[in-house]
Amino acid sequence: MDWWKEGVFYQIYPRSFQDSNGDGIGDLKGITYRLDYLSWLGIDAIWLSPFFKSPMADFGYDISDYTDVDPIFGKLEDFDELLEEAHKRNIRVVIDQVYNHTSDKHPWFIESRSSRENPKADWYIWKDPKPDGSPPNNWVHFFSGEKAESAWEWDEKRRQYYLHLFAKEQPDLNWRNPEVRKAVFDSMRFWLERGVDGFRFDVASFYYKDPEFRDAVKRSQADNSRMIYAYYWDRFCARPETILAIEDIRKLLDSYGQKVGIGEAVSDRGQNVYLEFTLEGRLHLAFNFDFMKNVTFDAQKIRDLVESTDKLFDTRAWPCYVLGNHDYYRILTRLTEDMEAREGEKSLIAKLMAILLLTLRGTPFIYYGEEIGMEDMDVPYEKIVDPLGKNLWPKAKGRDVCRTPMQWDNSRYAGFSDVEPWLPINPNKLHVNVAREREDPNSVLNFYRSLLKIRKESLTLRMGSIEFLDSPINTLVYVRVKDSNKLAVILNFSGTKVALGIYFDGSIVLGSHRKSGEKISSEITLEPFESIIIDIS
Ligand code: GLC
């Protein structure tokens, strides 16, 4: 069994999950403390955003020591304990590897910038200025927002520019240097030896850049939502050398048994790049960001996306679906911010999304808090800490909004901490919280839990084929089939009643409005935002 195909992953942003030492920032011991909750919920694996040594210019995505834990998050022993405790509960642990760049405080970079003669001089991407003193080419960094700032930072000592595709505190490593590759692979070995179950590879599509560093051709504004205004350039996206490096990474993973490699294959060529990264001998999974960014109430669009993914991946690679992560707006906010949704309606929409995510053919990732219906919080300007958020303000909300602390209960700091947390708590913690929802049989949380249990027990939901049936506008109907077992998934994306016009004979497996076990043998009329799974075998 390929556990990474059949399991459900849960992303934890360590700063925001559980504080255990009263500094207002989540930590590893906090996560260990909450493992019983995750095991009760029924997930199979966690992916932890970075907890390594870091000056936190990008909250851990700027690493200054790949093989140690930042004191904010604890110690290496705390990680070992977390791993052991997770494994006891059959939860696998995937960690985040950021190899496109390091922190500018990483000893490698400090050496590299110290002189052009230093042994590590060539570990990063250094270039001379153009004759007029300007940067070597027109590339812009991804945090610059509409300012379109250069991705090159001048260094007075070396009298050269260094490349940073993200913040200037995140210099890009030079993957063409074999010593860099060796150092990166050694750091993977370090964690594999410690027993981690795999890695999520941060911006894995950007490792290698055009060797001639030619000017980029502006192809498109890859994400013209309010989130990221940066441009994607074909000069550094998914180059053939990167794919070869990915194949070497896979070989290393395989030499340690059943480990998983998950790619953040950012690109403006979407699906094709996700596929390219996950063909045989490459990574196991790559997040489907096309899906994440395009899930709206437009059922036809969702159908088109899923059908095209399924057709493209077919038997060649395994799809992977997400609705949110630490870089994007939370799904429930995206869907409801333009409507006057009442609480009851919001919880139906959250359930609808839960069924969608957990019944597709592909590995699902739940972003922490999604399972209780957490929403973005409008973080006031004085509290914005995200480097992208600062640059986007006031045009866009940045990424702090989706990184606020997990809402465990309705107490002052939501059970996350005893002191004021690093980001504010969403006031909706009063009803959107684990403690309340655990007690409420109709909560979003209990719906997720039932769904996860059903998925775990159903080979059809995990591995079966998927086929869509034509259905009225704003509805989605698909059937998952494995041998003689057939499950129909029916979703109403509209806020009105809809007569489905399709007859099903079977029994309810799970429904937002109907009791499990209830028989169905007539035409179905769907309630607003109703979602159902029916066994029609
Ligand atoms: C990835 C991460 C994001 C980070 C960036 C730079 O996109 O998900 O949070 O800022 O890479 O490391």
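Residues numbered from 1 in each chain as written. Predicted model: local features only at pLDDT ≥ 70, side-chain atom pairs only at ≥ 80, totals over all residues. Heavy atoms only, no water.

A word on the sheet that holds strand β23 (residues 531-535)
Remark on secondary structure: sheet strands pair via backbone hydrogen bonds, oriented parallel or antiparallel.
In step 1: Pairing within the open sheet is antiparallel, and its six strands lie in the order β16-β17-β18-β23-β20-β21. Of all the strands in the sheet, the pair left with one neighbour each is β16 (465-469) and β21 (519-520).
In step 2: Relative to β23, strand β18 (residues 485-492) runs antiparallel, the two being bridged by five bridges. Bridging from a neighbouring strand, Leu491 pairs with Ser531 of β23.
In step 3: The strands touched by helix α10 (residues 299-313) within the sheet are β16 and β17 (475-482), with β16 carrying the most contacts at an inclination of about 145°.
In step 4: Packing against the sheet, helix α15 (residues 444-457) makes contact with β20 (506-511) and β23, and its axis sits at approximately 130° to β20. (Pairing = 2+ DSSP bridges. Helix = DSSP H or I, 4+ residues; strand = E, 2+ residues; numbered from the N terminus. Contact = heavy atoms within 4.5 Å. Axes fitted to C-alpha atoms, helices over the stretch in contact; angles between N-to-C directions.)

Details of the site of the ligand
In step 1: If you check the shell around the ligand, you find 14 residues, and the closest are Asp58, Asp202, Glu264, His326 and Asp327.
In step 2: Note that an oxygen atom of the ligand is positioned 2.5 Å from one of the side-chain N or O atoms of Asp58.
In step 3: In this structure, an oxygen atom belonging to the ligand sits 2.8 Å away from a side-chain N or O atom of Asp202.
In step 4: If the ligand stood free it would expose 310 Å²; the protein chains cover 96% of that surface.
In step 5: In the shell around the ligand, the residues fall into four nonpolar, three polar and seven charged. (Near = heavy atom within 4 Å. Polar contact = N/O pair within 3.5 Å; in protein donor to acceptor, adjacent residues only side chain to side chain. Areas by Shrake-Rupley, 256 points an atom, 1.4 Å probe, with all protein chains shown as cover. Nonpolar A, V, L, I, M, F, W, Y, C, P; charged D, E, K, R; others polar.)

Notes on the packing of aromatic side chains
In step 1: Applying the stated rule across the entire model yields 48 aromatic pairs.
In step 2: Taking the centre distance of 4.8 Å and the plane angle of 80° together, the rings of Phe109 and Tyr124 count as edge-to-face. Of this pair, Phe109 sits in helix α5 (residues 107-114) while Tyr124 sits in the loop between α5 and β6 (126-127), and the two are 15 residues apart along the sequence.
In step 3: For Tyr124, a relative accessible area of 1% gives the class buried.
In step 4: Of the aromatic side chains, those joined through ring pairs into one cluster are Trp139, Phe142, Phe143, Trp152, Phe166, Phe206, Phe213 and Phe236. (Phe/Tyr/Trp six-rings, centres within 6.5 Å; stacked < 30°, edge-to-face > 60°. Buried < 20%, exposed > 50% of the residue type's maximum accessible area, 1.4 Å probe, protein only.)

Here we look at the domain arrangement of the protein chain
By convention, interface size is frequently given as the accessible area that disappears when the constituent parts associate.
In step 1: Taken as a whole, the protein chain is organised into domain 1 (3-101 + 177-452), domain 2 (107-163) and domain 3 (464-535).
In step 2: Look at where the C-alpha atoms of domain 2 and domain 3 centre, and you get two points 56 Å apart. (Domains from an automatic or database assignment.)

Some thoughts on the side chain of Arg514
In step 1: Within the element layout of this structure, Arg514 appears in the loop between β20 and β21.
In step 2: Within polar-contact distance, the side chain of Arg514 engages the backbone oxygen of Thr525 at 3.1 Å.
In step 3: At 2.6 Å, the side chain of Arg514 and the side chain of Glu530 are in polar contact.
In step 4: Those residues in contact with Arg514 that lie beyond four places of it in its chain are Ile508, Ile520, Ile524, Thr525, Leu526, Glu530 and Ile532.

Topic: the packing of helix α4 (residues 76-88) against helix α6 (residues 178-194)
When two helices pack together, their arrangement is given by the angle between the helix axes and by the axis-to-axis distance.
In step 1: Close contact between α4 and α6 brings their axes to 11 Å; oriented N to C, the two are set at 50°. Relative to α6, α4 is oriented oblique. Contacts between α4 and α6 involve Leu76, Phe79, Asp80 and Leu83 from the first element and Phe190, Trp191 and Arg194 from the second.
In step 2: Residues of the contact of α4 with α6, tallied by class, amount to five nonpolar, no polar and two charged. (Parallel < 35°, antiparallel > 145°, perpendicular 65-115°, else oblique.)

Side note on the nonpolar core
In globular proteins that are soluble, nonpolar side chains generally tend to be buried together.
In step 1: In terms of nonpolar packing, the biggest core is built from 171 residues, with Tyr10, Tyr37, Ile46 and Phe79 touching the most fellow members.
In step 2: For this core, the leading source of residues is helix α12 (residues 343-358), giving 10 residues.
In step 3: Counting 14 residues, the second largest nonpolar core, distinct from the first, contains Ala488, Leu500, Leu526 and Ile536. (Core = buried A, V, L, I, M, F, W, Y, C linked by side-chain atoms within 4.5 Å.)

Side note on the side chain of Asn325
In step 1: In this structure, Asn325 sits in the loop between β14 (320-322) and α11 (331-336).
In step 2: A residue is classified by how much of its surface remains accessible, and Asn325, at 5% relative accessible area, is buried.
In step 3: The contact partners of Asn325, leaving out residues within four places of it in the chain, are Gln11, Phe289, Met292, Tyr367 and Cys402.

Some points on the pattern of salt bridges
In step 1: Scanning the entire structure with this criterion turns up 46 salt bridges.
In step 2: Note that Arg194 is salt-bridged to Asp80, the shortest N-O span being 2.8 Å. Here Asp80 lies in helix α4 and Arg194 lies in helix α6, a separation of 114 residues in the sequence.
In step 3: By relative accessible area, Arg194 is classed as partly exposed at 29%.
In step 4: Residue Lys397 is joined to Asp376 by a salt bridge in which the shortest nitrogen-to-oxygen separation is 3.4 Å. Of the two residues, Lys397 sits in the loop between α13 (387-392) and α14 (434-439) while Asp376 sits in the loop between β15 (363-367) and α13, which places them 21 residues apart along the sequence.
In step 5: Bridged by salt links that share partners, the residues Asp58, Asp327, Asp386, Arg399 and Arg403 form one connected network. (Salt bridge = Lys/Arg side-chain N within 4 Å of Asp/Glu carboxyl O.)

Section: unusual backbone geometry
In step 1: Cis geometry marks the peptide bond from Trp393 to Pro394; its omega dihedral reads 0°.
In step 2: If you trace the backbone, Pro394 turns up in the loop between α13 and α14.
In step 3: The residue Ala148 is not glycine, and still its phi comes out positive at about 45°.
In step 4: As for its placement among the helices and strands, Ala148 is situated in the loop between β6 and β7 (152-155).

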